[in-house]
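Chain residues, written in single-letter form:
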Amino acid sequence: MRTKIWIFGYGSLVWNPGFSFEQSQVGYIRGWARRFYQGSTDHRGIPGSPGRVATLVAEAQSVCWGVAYQVVGEPLASIFSYLDEREQGGFRRHQVDFYPRTEPADASAPSVTTAAVYIARDDNPHYLGPASVPEMARHIFHAKGPSGSNRDYLLRLAESLRGLGITDAHVSELERHVRQLDAHSKDGPSG
Ligand code: SIN
C-alpha cells in the first residue's frame, strides 16, 4: 500500500515546505494559537542570541490556519527524517485533526483528516514564552541565523498568510511593529 500522509504547516512550512507533495490545502486546526514564543538558535538566531519563531500554544477557543501538504508513496522514515532534522531545535511531532477550507470535491472524501504537525512546547530548552509585542518585534528585527534574518521569517509568513486570505492578529501586530522599526532605521540618525 502506498503511504499517504498529511503534514500541517503554520510557520516556515507555509512558504517553504522543502519536500515534494502531491497536493496542498489551506485549512485550520482547532485548539491551538500561533505564537512567536519559540527561541531559534539553529535557523533565525544563534546560540546565545536566539531568534523568535512561531510555535503553537494550546488555547481551547482558538484555531490556527495554515497549509497542509499531502505526501504520497514515500517511506515515512524518509519523509520525517528531513523534517525532524529541520525542526530539531525544540519541536516535536504531534498528530492533529486538520479541517480543509474547502469541502473536498469528492463528497465521499473525509472533510477532516489527521495531519502531523511540529510543535515546540513550553518545556523545551529553547522556549522563550510571551513578551510584549514591541519587545518581541525588536527581538525579531535584530536576530539573524544560518537560515537568514528573523525579520524575513516574520515578513514572509505575514505575506504568505495574507496571500492565502488568512488573518492572524498576532502575526499582523508583530509585522506592523517590525515595519515601523524598518522605517525608523531607514530614516537614519537624526541631527
Ligand atoms: C511549521 O512551519 O509548521 C513549524 C514551525 C516552523 O518551521 O517555522
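Presented here is a report on the structure given in the accompanying data block. Just so it is clear, the model here is predicted, and its values are computed rather than measured.

1. Notes on the site of the ligand
- In the region of the ligand, the neighbouring residues are Phe8, Gly9, Tyr10, Gly11, Ser12, Leu13, Ala54, Glu87, Phe91 and Tyr153.
- Protein coverage of the free-state accessible area of the ligand, which is 250 Å², stands at 97%.
- Mapping the ligand onto the cavity grids shows that it belongs to the largest pocket.
- The set of elements that each furnish at least two residues to the shell around the ligand consists of strand S1 (4–9) and helix H1 (12–15).

2. Quick look at the layout of surface pockets
- Approximately 350 Å³ is the volume found for the largest pocket.
- What lines the largest pocket is a set of 25 residues, among which Ser12, His43, Arg86, Glu87 and Tyr153 lie closest to the centre.
- For the lining of the largest pocket, the elements supplying multiple residues, two or more each, are S1, H1, strand S2 (23–40) and strand S3 (51–72).
- Of the residues belonging to the lining of the largest pocket, the class tally is nine nonpolar, twelve polar and four charged.

3. Considering helix H5 (residues 169–187)
- For H5, spanning 19 residues, the distance from its first C-alpha to its last is 27 Å, which sits close to the expected 27 Å at 1.5 Å a residue.
- Taken residue by residue, H5 has His170, Val171, Leu174, Glu175, His177, Val178 and Asp182 as its buried positions.
- Residues of H5 that are buried in the fold lie against S2, helix H3 (133–142) and helix H4 (150–163).
- Of the residues that open H5, the one with a side-chain oxygen 3.1 Å from the backbone nitrogen of His170 is Asp168.

What counts and how
- Residues numbered from 1 in each chain as written.
- Predicted model: local features only at pLDDT ≥ 70, side-chain atom pairs only at ≥ 80, totals over all residues.
- Heavy atoms only, no water.
- Near = heavy atom within 4 Å.
- Areas by Shrake-Rupley, 256 points an atom, 1.4 Å probe, with all protein chains shown as cover.
- 1 Å grid on protein atoms, 1.4 Å probe; cavity = no way out; pocket = protein on both sides within 12 Å on 5 of 7 lines; lining within 4 Å.
- Sits in = over half its atoms within 2 Å of the grid points.
- Helix = DSSP H or I, 4+ residues; strand = E, 2+ residues; numbered from the N terminus.
- Points joined across faces, edges and corners; volume = space filled by probe spheres on them.
- Nonpolar A, V, L, I, M, F, W, Y, C, P; charged D, E, K, R; others polar.
- Expected span 1.5 Å × (residues − 1).
- Buried < 20%, exposed > 50% of the residue type's maximum accessible area, 1.4 Å probe, protein only.
- Contact = heavy atoms within 4.5 Å.
- Polar contact = N/O pair within 3.5 Å; in protein donor to acceptor, adjacent residues only side chain to side chain.

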